[in-house]
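# Residue-level structural notes
One-letter residues, chain by chain:
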Amino acid sequence: MSEELYERAVAAANRAYAPYSNYLVGAAVKARDGRVFEGVNVENAAYPLGVCAERTAFSRAMVEGYRPGDFVTAAITASPCGGCRQWLAEMGVERVVFRNGGRIVEMTPGELLPEQFVL
């Protein structure tokens, strides 16, 4: 299943808006009920205002009423940035599949971010 989810992330990456870096990233997040939310990175000329693919996928899910703990797996076409690693942890994803260089890696959010910010 992780491979199929990753392929959805790859397909989504083609819809990214990255006119400044040309670095297209896609994400696909699977909820416990089987629904999949796709996201892409969206850049902005005011660089810090861009948003990562993982965040757009989770934001779409939030709009549909999903909440932290509702997610099983996230697949991303690139290694998640530090901020997105915190998002993955906070959303309660069990497994994260991503491309890092020429290989596909599967880890837990705790392995990605061992000392997460927790309230």
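Small disclaimer: the values here were computed from a predicted structure and weren't measured. (Residues numbered from 1 in each chain as written. Predicted model: local features only at pLDDT ≥ 70, side-chain atom pairs only at ≥ 80, totals over all residues. Heavy atoms only, no water.)

### As for the pattern of salt bridges
Keep this limit in mind: Whenever a carboxyl oxygen of Asp or Glu lies within 4 Å of a side-chain nitrogen of Lys or Arg, that contact is scored as a salt bridge. In DSSP terms, a helix is any run of H or I states spanning at least four residues, a strand is any run of E spanning at least two, and both are numbered starting from the N terminus. Working definition: with a 1.4 Å probe on protein chains only, accessible area under 20% of the residue-type maximum means buried, over 50% means exposed, and in between means partly exposed.
Enumeration according to the criterion identifies five salt bridges in this entry. Among the ionic pairs, arginine 95 bridges to glutamate 106, the shortest N-O distance being 3.4 Å. Pair noted here: arginine 95 is in strand 4 (residues 95–100) and glutamate 106 is in strand 5 (residues 103–107), with a separation of 11 residues, a long-range link. On the basis of relative accessible area, arginine 95 is assigned to the partly exposed category, the value being 28%. Overlapping salt bridges, with partners in common, bring together Arg8, Arg15 and Glu38 in one network.

### Side note on the pairing of strand 2 (residues 36–40)
Formally: Here a strand pair is declared whenever DSSP counts at least two bridges between the two strands.
Summarising burial for strand 2: five of the five residues are buried, a large majority. A two-sided burial pattern is seen for strand 2, the buried positions comprising Val36, Glu38 and Val40 on one face and Phe37 and Gly39 on the other. As paired elements, strand 1 (residues 26–31) and strand 2 share five bridges and run antiparallel to each other. Each bridged residue has a counterpart across the sheet, and for lysine 30 the counterpart in strand 2 is valine 36. The loop that links strand 1 with its antiparallel partner strand 2 comprises four residues; one of these, glycine 34, has a positive phi angle of about 95 degrees.

### Comments concerning the packing of aromatic side chains
The geometry of two aromatic rings is summed up by the distance between their centres and the angle between their planes. Rules: Stacked, edge-to-face and tilted labels apply to pairs of Phe, Tyr and Trp rings (six-membered ring for Trp) whose centres lie within 6.5 Å, assigned for plane angles under 30 degrees, over 60, and everything in between, in that order.
This structure, assessed with the given rule, holds four aromatic pairs. One aromatic cluster is present, formed by Phe37, Phe58, Tyr66, Phe71 and Trp87 through successive ring pairs.

### Let's talk about the pairing of strand 3 (residues 71–76)
For clarity, the cut-off: Crossovers are described as right-handed under a simple rule: with the strands pointing away from the observer, the path leading from the first strand over the helix to the second runs clockwise.
For strand 3, the buried fraction is high: five of the six residues fall into the buried class. In this sheet, strand 3 lies alongside strand 1 in antiparallel orientation, the contact comprising five bridges. The residue bridging alanine 31 from the neighbouring strand is phenylalanine 71, located in strand 3. When strand 3 meets strand 4, the two strands line up parallel, connected through four bridges. Each residue of the ladder has a partner; that of alanine 74, found in strand 4, is valine 96. A crossover connection joins strand 3 to the parallel strand 4 through helix 3 (residues 82–90); in handedness this β-α-β unit is right-handed.

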